[in-house]
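Geometric and topological summary
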Amino acid sequence: MKLDVQPPITTIDSSASDFLDPLEIINAMLDLRAQLTELQQQVDALQPTFYAACAALQLEKIATDRATISRRLTPGKWDYSDEIIEQDDLLKQLKSQFQQAHEPIGGREVYWMIKFLLATV
């Protein structure tokens, strides 16, 4: 298991961010996103053996002093009749037409996307 050699960047106090250079804040966010990407890669690499370890215990719920791990099933798949599929397609089409003709009533927020230019991880 790989451990992070760098100590994690602590969060920036919002009152202190008023006095920081915007580029420092952006670079701090980029550093955190890079760490998050590296951690996600470590989680993804460990996940198959984690699942095997959980299955080896043959329990529905595994309790440790740090966590409770529960076994869950993914959603099932259904074999719908052609009539139901046609009705579903029609409903999706009507929803799409409605969305094009009307503005949403909520859910729109401004956020900034980060795309790394070089493979830093």
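Residues numbered from 1 in each chain as written. Predicted model: local features only at pLDDT ≥ 70, side-chain atom pairs only at ≥ 80, totals over all residues. Heavy atoms only, no water.

Let us look at the overall build of the chain. Within the chain one finds two helices and two strands. Counting from the amino terminus, helix and strand elements in the chain follow one another as α-β-β-α. Residues counted as buried form 4% of the 121 residues belonging to the chain. For the chain, restricting intrachain contacts to residue pairs at least 6 apart in sequence, the fraction spanning at least 24 positions comes to 51%. (Helix = DSSP H or I, 4+ residues; strand = E, 2+ residues; numbered from the N terminus. Buried < 20%, exposed > 50% of the residue type's maximum accessible area, 1.4 Å probe, protein only. Contact = heavy atoms within 4.5 Å.)

A cluster of acidic residues, Asp-82, Glu-83, Glu-86 and Asp-89, forms a negative patch at the surface. Relative to the helices and strands, Glu-86 is located in helix α2 (residues 82–101). (Patch = residues over 30% accessible without salt bridge, like charges linked within 9 Å, V, L, I, M, F, W, Y side chains within 5 Å. Areas by Shrake-Rupley, 256 points an atom, 1.4 Å probe, with all protein chains shown as cover. Salt bridge = Lys/Arg side-chain N within 4 Å of Asp/Glu carboxyl O. Lys, Arg positive; Asp, Glu negative; His and termini not counted. Charge placed at Lys NZ, Arg CZ, Asp CG, Glu CD.)

The end-to-end C-alpha distance of helix α1 (residues 22–57), which contains 36 residues, comes to 50 Å, matching closely the 52 Å that a straight helix rising 1.5 Å per residue would cover. A maximum bend of about 45° is found in α1 at Gln-47, where proline Pro-48 lies one to four positions downstream. Looking at the packing, one finds that the buried side of α1 touches β1 (61–63) and β2 (68–70). Positive phi appears at Gln-58, one or two residues downstream of α1, with a value of about 55°. (Expected span 1.5 Å × (residues − 1). Bend = angle between axes of the 7 residues up to and from the residue.)

With that out of the way, let us pick up the pattern of salt bridges. Inspection of the entire model under this criterion finds three salt bridges. Between Arg-71 and Glu-60 there is a salt bridge, with its nearest N and O atoms 3.2 Å apart. Of the two residues, Arg-71 sits in the loop between β2 and α2 while Glu-60 sits in the loop between α1 and β1, which places them 11 residues apart along the sequence. Glu-60 gets classed as exposed once you look at its relative accessible area, which sits at 53%.

The backbone of Gln-58 sits at a positive phi, close to 55°, despite the residue not being glycine. Turning to its location among the elements, Gln-58 is positioned in the loop between α1 and β1.

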